[in-house]
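Listed below, chain by chain, are the residues.
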Amino acid sequence: DFTADFYLWFRFKKELDDSNIVFDNSVLPFRLGKQVVNSLEDGVYTRTYLVRNNFRADFDFTKYPFDRQILPLQFRHKVLKKDKIIYAKDVSGLAKKEQMQGVNTSRMEPNSRFVIKTITSFEDFFINAPKSVDLANILDPQKFAHSQFNTFIEIEKKNHYARFVLFVPLVFFFAFLYLQLYFKGRKIKLRSYIILTILLSVTLFHIGLRYTFQVEYLMAIEFSILAVYGLLFFSLLELLLLIGQDEEGRTKFVKYYFLFLKVLMPIPVFVLTFWYMLL
């Protein structure tokens, strides 16, 4: 959900029934409140309302934390169909909006981590057919069409820092897994401590992420987490191989395995970094 605070105005020449305006994506039903402007100029009436309410949105976190989100605001008349009323973008009214205090600003809250990229407004139709209709009406759904006005607000995070700061723990996980490959000697206890600590930390990090978003698909940041899991698997194999060695040193196989890990571990870092730059 999100909270929107905006002005909604209607300009018209004849009578206008604005008592049954509904926002279909409103969290709770509400009516337009008191008019802040009610004027007549050159035969054109203007009614302006200040709207502040919570609205639903289908957020897509597939590219998180490099995602852009769409905040929809959609309203229509609950009773009157498109043959009685059609809502359209008020081009001439928008050109004069700077004359109205507060309307000339499109922004997020001061403490928000997001900025508005684009605002798109357009009109289409909403089919509001009753549950039981005859065949003739089914073949002509336009009989139930209501004019619907839509505004889609595209937002994104303010800066790259806000995006990459989430990767700081993962960068440390990659770094420590890689650096322990260069320890001299077996150092079983130290390697075990590093590997198990990273395993516990990345698991808790992942659980917290899934608990926060509760989505049924993988987010972009999770591919880095999966990469850490994969490298942890190879690191655990490394640990088992070292435990199986005597104090004399490593066998040729173990040496080749360490060389393999030194080549392997940087690969997902570079691949994921390149992919994230394209998002």
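Everything here concerns the structure above.
Throughout what follows, the structure given in this document is the object of discussion.

What counts, and at which threshold
Here, residues in each chain are numbered from 1, in the same order as that chain's written sequence. pLDDT decides what is reported in this predicted model: residues at 70 or higher carry local features, side-chain atom pairs at 80 or more are listed and counted, and totals for whole chains, interfaces and linings draw on all residues regardless. Side-chain numbers come from the whole structure's heavy atoms, not from hydrogens or water. Among the buried residues, those of types Ala, Val, Leu, Ile, Met, Phe, Trp, Tyr and Cys that are joined through side-chain atoms within 4.5 Å form a nonpolar core. Type-normalised accessible area, obtained with a 1.4 Å probe on protein chains alone, sets the label of each residue: buried when under 20%, exposed when over 50%, and partly exposed for intermediate values. Each helix is a run of DSSP H or I of at least 4 residues and each strand a run of E of at least 2, with the numbering of both proceeding from the N terminus. Two residues form a contact once any of their heavy atoms are found within 4.5 Å. Residues with no salt bridge and a relative accessible area higher than 30% make up the patches, which join like charges within 9 Å and nonpolar side chains (Val, Leu, Ile, Met, Phe, Trp, Tyr) within 5 Å. For the area figures, the Shrake-Rupley method with a 1.4 Å probe applies, and any residue is considered shielded solely by the protein chains shown. The term salt bridge refers to a pairing of a side-chain nitrogen on Lys or Arg with a carboxyl oxygen on Asp or Glu at a separation within 4 Å. Each Phe, Tyr or Trp ring, with Trp reduced to its six-membered ring, pairs with another whose centre is within 6.5 Å; inter-plane angles below 30 degrees give stacked pairs, above 60 give edge-to-face pairs, and intermediate values give tilted ones. Placement of a positive charge over a ring is assigned whenever Lys NZ or Arg CZ falls within 6 Å of the ring centre and within 35 degrees of the normal to the ring plane. Side-chain atoms alone can form a polar contact between residues adjacent in sequence; in general such a contact is a pair of N or O atoms within 3.5 Å, and within protein one must be able to donate a hydrogen while the other accepts it.

Thoughts on the nonpolar core
Counting residues in hydrophobic clusters, the biggest one holds 33 residues, and the most contacted among them are L170, M219 and V228. Of all the elements in the fold, those that place two or more residues in this core are α4 (168–179), α5 (188–213), α6 (220–243), α7 (252–264) and α8 (266–278). The element best represented in this core is α6, accounting for 9 residues. In contact with L170, not counting residues within four places along its chain, are V202, F205, I221, S224, I225 and V228. In terms of nonpolar packing, the next biggest core, distinct from the first, is built from 23 residues, F2, A4, L8 and I85 among them.

Notes on a nonpolar patch on the surface
A cluster of nonpolar side chains, contributed by Y161, V165, V168, F172 and F176, occupies part of the molecular surface with about 500 Å² of accessible area. The element that contributes the greatest number of residues to the nonpolar patch is α4, accounting for 3 residues.

Brief notes about the packing of aromatic side chains
Under the defined criterion, the tally for this structure stands at 30 aromatic pairs. With centroids separated by 6.3 Å and ring planes inclined at 40°, the aromatic side chains of F6 and F55 adopt a geometry described as tilted. Of the two residues, F6 is situated in strand β1 (residues 2–12) and F55 in strand β4 (residues 44–55); the sequence distance between them amounts to 49 residues. The exposure classification of F6 matches that of F55, with both residues buried. Between the aromatic rings of F167 and Y276, the centroid separation amounts to 5.0 Å while the plane-to-plane angle is 55°, which identifies the pairing as tilted. Separated by 109 residues along the polypeptide, F167 in the loop between α3 (160–164) and α4 and Y276 in helix α8 bring together distant segments of the chain. Looking at Y276, the relative accessible area reads 6%, which means it is buried. Ring pairing ties together the aromatic residues F2, F6, F10, F23, F30, Y49, F55, F75, Y87 and F149, which thus form one cluster. Just above the ring of F125 sits the side chain of K82; from NZ or CZ to the centre is 4.5 Å.

Comments concerning the side chain of D90
Looking at the element boundaries, D90 is found in the loop between β5 (68–77) and α1 (91–95). With a relative accessible area of 17%, D90 lands in the buried category. Here R11 takes part through its side chain, which lies 3.1 Å from a polar atom of the side chain of D90. In this structure D90 touches W9 and R11, once residues within four positions along its chain are discounted.

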